[in-house]
Amino acid sequence: EGSVWYLAMSISTPRKDLCGQLLVGAEGASSVRAFFNGKEVALNRDPLTYNPTPMPFVKFREGANSLVLEFKKGRADRVKVAANVCNLDGDRLFDIVLDPRNE
């Protein structure tokens, strides 16, 4: 609503012992908050551009896991968003399915 926008994603995996690095970026946002499975994930910085710098690791439950991103609109007319869950090499984790598809 207004200057606060949300993006909700479901991330599914058949494995419960999976752990990956959460990468989030946004252009046109003044701040970003991330919630993984209902708990806020502390981002290392306000990600104003997509940059795979060290971000927190998240642990998956078997089945569906939720990721909700909250953006506060900056001065730009629109917000561009990117989110991914990667291994240490920056590659998307094997065995996960994103909904909506891709990032």
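The structure this text deals with has already been given above.
The following paragraphs examine the structure supplied in this document.

Definitions and cut-offs
- Residue numbers here run from 1 along each chain, matching the order of that chain's written sequence.
- It should be noted that, the model being predicted, local features are given only for residues of pLDDT at least 70 and side-chain atom pairs only at 80 or more, the latter also being counted only at that level, while totals for whole chains, interfaces and linings use all residues.
- Heavy atoms from the whole structure form the basis of all side-chain values; hydrogens and water molecules are not counted.
- A run of H or I in DSSP counts as a helix once it spans at least four residues, and a run of E counts as a strand once it spans at least two, with each numbered from the N terminus.
- Burial here depends on accessible area, computed with a 1.4 Å probe over protein chains only, as a share of the maximum for the residue type. Under 20% is buried, over 50% is exposed, and the range in between is partly exposed.
- Two residues form a contact once any of their heavy atoms are found within 4.5 Å.
- Here the open area of atoms and residues is found with the Shrake-Rupley method and a 1.4 Å probe, where only the protein chains shown may cover a residue.
- A pairing counts as a salt bridge when a side-chain nitrogen of Lys or Arg comes within 4 Å of a carboxyl oxygen of Asp or Glu.
- We treat two strands as partners when DSSP finds at least two bridges between them.
- Fitted lines through C-alpha atoms serve as axes, helices being fitted only where they are in contact, and the angles separating the N-to-C directions of these axes extend from 0 to 180 degrees.

**What about the overall build of the protein chain?**
Then, in step 1: Scanning the protein chain from terminus to terminus reveals zero helices and eight strands.
Then, in step 2: Along the protein chain, helices and strands appear, N-terminal first, in the series β-β-β-β-β-β-β-β.
Then, in step 3: Residues classed as buried in the protein chain amount to 38% of the 103 residues present.
Then, in step 4: Of all intrachain contacts in the protein chain linking residues separated by at least 6 positions in sequence, the fraction that spans at least 24 positions is 76%.
Then, in step 5: In the form shown here, the protein chain has an accessible surface area of approximately 6,300 Å², with 50% of it arising from carbon and sulfur atoms.

**Quick word on the pattern of salt bridges**
Then, in step 1: Applying the stated criterion to the full structure yields three salt bridges.
Then, in step 2: Taking the shortest distance from any N to any O, the salt bridge between Arg 33 and Glu 40 comes out at 3.1 Å.
Then, in step 3: Its relative accessible area of 33% is what places Arg 33 among the partly exposed residues.
Then, in step 4: Classification of Glu 40 as partly exposed rests on a relative accessible area of 47%.
Then, in step 5: Linking Arg 33 and Glu 70 is a salt bridge whose minimum nitrogen-to-oxygen distance equals 3.4 Å.

**Points about the environment of Ser 3**
Then, in step 1: One can find Ser 3 in the segment before strand E1 (4-13).
Then, in step 2: Relative accessible area serves as the criterion here: at 42%, Ser 3 is assigned to the partly exposed category.
Then, in step 3: Filtering out sequence-adjacent residues up to four positions away, Ser 3 remains in contact with Phe 71, Lys 72 and Lys 73.

**Describing the sheet that holds strand E5 (residues 57-59)**
Then, in step 1: Strand order in the open sheet formed by three strands is E5-E2-E7, with antiparallel pairing between adjacent strands. Taken across any chain shown, the strands that pair with only one partner, and hence form the sheet edges, are E5 and strand E7 (80-86). Strand-to-strand, the axes of this sheet are offset by a mean angle of 35°, without reference to chain direction.
Then, in step 2: Across three bridges, the pairing between strand E2 (residues 19-27) and E5 is antiparallel. Bridging from a neighbouring strand, Cys 19 pairs with Lys 59 of E5.

**A look at the environment of Val 58**
Then, in step 1: With respect to the secondary-structure elements, Val 58 resides in strand E5.
Then, in step 2: Residue classification places Val 58 among the buried positions, given a relative accessible area of 5%.
Then, in step 3: Leaving out residues up to four positions away in the same chain, Val 58 has contacts with Leu 18, Cys 19, Gly 20, Leu 22, Phe 36 and Val 41.

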